[in-house]
Amino acid sequence: MLVAFSVAPSGSAHHDGSVGEAVAAAVRVVRASGLPNRTDAMFTTIEGEWDEVMAVIKAATDAVLVTAPRCSLVLKADIRPGVTDALHSKVDTVERYLADG
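Residues numbered from 1 in each chain as written. Predicted model: local features only at pLDDT ≥ 70, side-chain atom pairs only at ≥ 80, totals over all residues. Heavy atoms only, no water.

K.L.:
Go over empty space enclosed by the protein, please, and point to the residues and values.
P.N.:
All chains considered together, the criterion is met by one cavity of 30 Å³ or more. Approximately 40 Å³ is the volume found for the largest cavity. Along its surface, the largest cavity is lined by Met1, Leu2, Glu47, Asp78, Arg80, Val83 and Ala86. Within the lining of the largest cavity, the residues separate by chemical class into four nonpolar, no polar and three charged. (1 Å grid on protein atoms, 1.4 Å probe; cavity = no way out; pocket = protein on both sides within 12 Å on 5 of 7 lines; lining within 4 Å. Points joined across faces, edges and corners; volume = space filled by probe spheres on them. Nonpolar A, V, L, I, M, F, W, Y, C, P; charged D, E, K, R; others polar.)

As C-alpha coordinates, this is what we get:
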(Lines give C-alpha, C1' and ligand atoms only; values in the text may rest on other atoms or scores of the structure.)
Protein backbone atom coordinates (compact mmCIF):
# COMPACT_ATOMS: atom_id res chain seq x y z
CA MET A 1 0.00 0.00 0.00
CA LEU A 2 0.97 3.59 -0.55
CA VAL A 3 0.07 6.25 1.98
CA ALA A 4 0.62 9.94 1.33
CA PHE A 5 0.48 11.88 4.56
CA SER A 6 1.09 15.30 5.96
CA VAL A 7 1.65 15.92 9.64
CA ALA A 8 2.35 19.32 11.15
CA PRO A 9 1.91 21.08 14.46
CA SER A 10 -1.15 23.27 14.84
CA GLY A 11 0.52 26.62 15.28
CA SER A 12 4.20 27.51 15.28
CA ALA A 13 6.64 29.13 17.66
CA HIS A 14 8.49 30.65 14.69
CA HIS A 15 7.74 34.31 13.91
CA ASP A 16 7.19 33.45 10.23
CA GLY A 17 4.78 30.57 10.95
CA SER A 18 7.23 27.94 9.72
CA VAL A 19 6.64 24.33 10.76
CA GLY A 20 9.69 22.99 8.91
CA GLU A 21 11.59 21.91 12.01
CA ALA A 22 8.69 19.79 13.28
CA VAL A 23 8.07 18.33 9.83
CA ALA A 24 11.76 17.43 9.57
CA ALA A 25 11.44 15.45 12.80
CA ALA A 26 8.59 13.46 11.24
CA VAL A 27 10.50 12.87 7.99
CA ARG A 28 13.51 11.62 9.99
CA VAL A 29 11.27 8.93 11.49
CA VAL A 30 10.03 7.90 8.05
CA ARG A 31 13.52 7.72 6.56
CA ALA A 32 14.84 5.74 9.52
CA SER A 33 12.06 3.18 9.03
CA GLY A 34 13.76 1.72 5.97
CA LEU A 35 10.47 1.66 4.04
CA PRO A 36 10.41 3.15 0.54
CA ASN A 37 9.42 6.81 0.81
CA ARG A 38 9.43 10.15 -0.95
CA THR A 39 8.92 13.63 0.46
CA ASP A 40 7.76 16.63 -1.56
CA ALA A 41 6.58 20.12 -0.64
CA MET A 42 3.18 18.94 0.61
CA PHE A 43 3.28 15.24 1.51
CA THR A 44 5.47 12.32 2.41
CA THR A 45 4.54 9.06 0.67
CA ILE A 46 5.51 5.76 2.24
CA GLU A 47 5.09 2.22 0.89
CA GLY A 48 4.71 -1.05 2.75
CA GLU A 49 2.25 -3.32 4.47
CA TRP A 50 -0.65 -1.80 6.40
CA ASP A 51 0.64 -2.38 9.94
CA GLU A 52 4.20 -1.27 9.24
CA VAL A 53 3.15 1.88 7.36
CA MET A 54 0.65 2.90 10.03
CA ALA A 55 3.22 2.31 12.78
CA VAL A 56 5.65 4.66 11.02
CA ILE A 57 2.96 7.31 10.53
CA LYS A 58 2.08 7.09 14.24
CA ALA A 59 5.75 7.46 15.20
CA ALA A 60 6.12 10.43 12.83
CA THR A 61 3.04 12.02 14.39
CA ASP A 62 4.45 11.43 17.88
CA ALA A 63 7.67 13.17 16.78
CA VAL A 64 5.66 16.26 15.82
CA LEU A 65 3.74 16.16 19.10
CA VAL A 66 7.05 16.55 20.95
CA THR A 67 7.20 20.09 19.51
CA ALA A 68 3.57 21.09 20.02
CA PRO A 69 0.57 20.02 22.11
CA ARG A 70 -1.59 19.59 19.00
CA CYS A 71 -1.05 18.55 15.40
CA SER A 72 -2.89 17.96 12.14
CA LEU A 73 -2.62 14.68 10.21
CA VAL A 74 -3.91 14.16 6.66
CA LEU A 75 -3.78 10.70 5.02
CA LYS A 76 -4.52 9.39 1.55
CA ALA A 77 -4.03 5.68 0.87
CA ASP A 78 -3.85 3.49 -2.23
CA ILE A 79 -4.55 -0.03 -0.99
CA ARG A 80 -3.76 -2.54 -3.72
CA PRO A 81 -2.83 -5.97 -2.34
CA GLY A 82 -0.06 -7.77 -4.16
CA VAL A 83 1.42 -4.67 -5.79
CA THR A 84 4.96 -3.68 -4.88
CA ASP A 85 7.13 -0.73 -5.91
CA ALA A 86 4.04 1.37 -6.67
CA LEU A 87 5.98 4.39 -5.41
CA HIS A 88 7.93 4.26 -8.68
CA SER A 89 5.77 2.25 -11.08
CA LYS A 90 2.77 4.59 -10.87
CA VAL A 91 4.94 7.57 -11.82
CA ASP A 92 6.68 5.57 -14.56
CA THR A 93 3.30 4.74 -16.12
CA VAL A 94 2.27 8.39 -16.25
CA GLU A 95 5.67 9.37 -17.68
CA ARG A 96 5.25 6.78 -20.47
CA TYR A 97 1.87 8.26 -21.39
CA LEU A 98 3.37 11.75 -21.40
CA ALA A 99 6.23 10.64 -23.64
CA ASP A 100 3.76 9.08 -26.10
CA GLY A 101 1.54 12.13 -26.22
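K.L.:
Lay out the nonpolar core in plain terms, naming residues and giving numbers.
P.N.:
Counting 14 residues, the largest nonpolar core has Val3, Phe5, Val30, Ile46, Val53 and Ile57 as the members making the most contacts within it. The set of elements that each furnish at least two residues to this core consists of strand S1 (2–9), helix H1 (20–32) and helix H2 (50–65). (Core = buried A, V, L, I, M, F, W, Y, C linked by side-chain atoms within 4.5 Å. Buried < 20%, exposed > 50% of the residue type's maximum accessible area, 1.4 Å probe, protein only. Helix = DSSP H or I, 4+ residues; strand = E, 2+ residues; numbered from the N terminus.)

K.L.:
Describe the pairing of strand S3 (residues 44–47), listing the residues and the values that go with them.
P.N.:
If a strand is regular, its side chains alternate between the two faces of the sheet. Alternating residues of S3 divide into Thr44 and Ile46 and Thr45 and Glu47, and every residue in both groups is buried. Bridge analysis of strand S2 (residues 37–39) against S3 gives three bridges, and the strand direction is antiparallel. Paired with Asn37 across the two strands is Ile46, which belongs to S3. (Pairing = 2+ DSSP bridges.)

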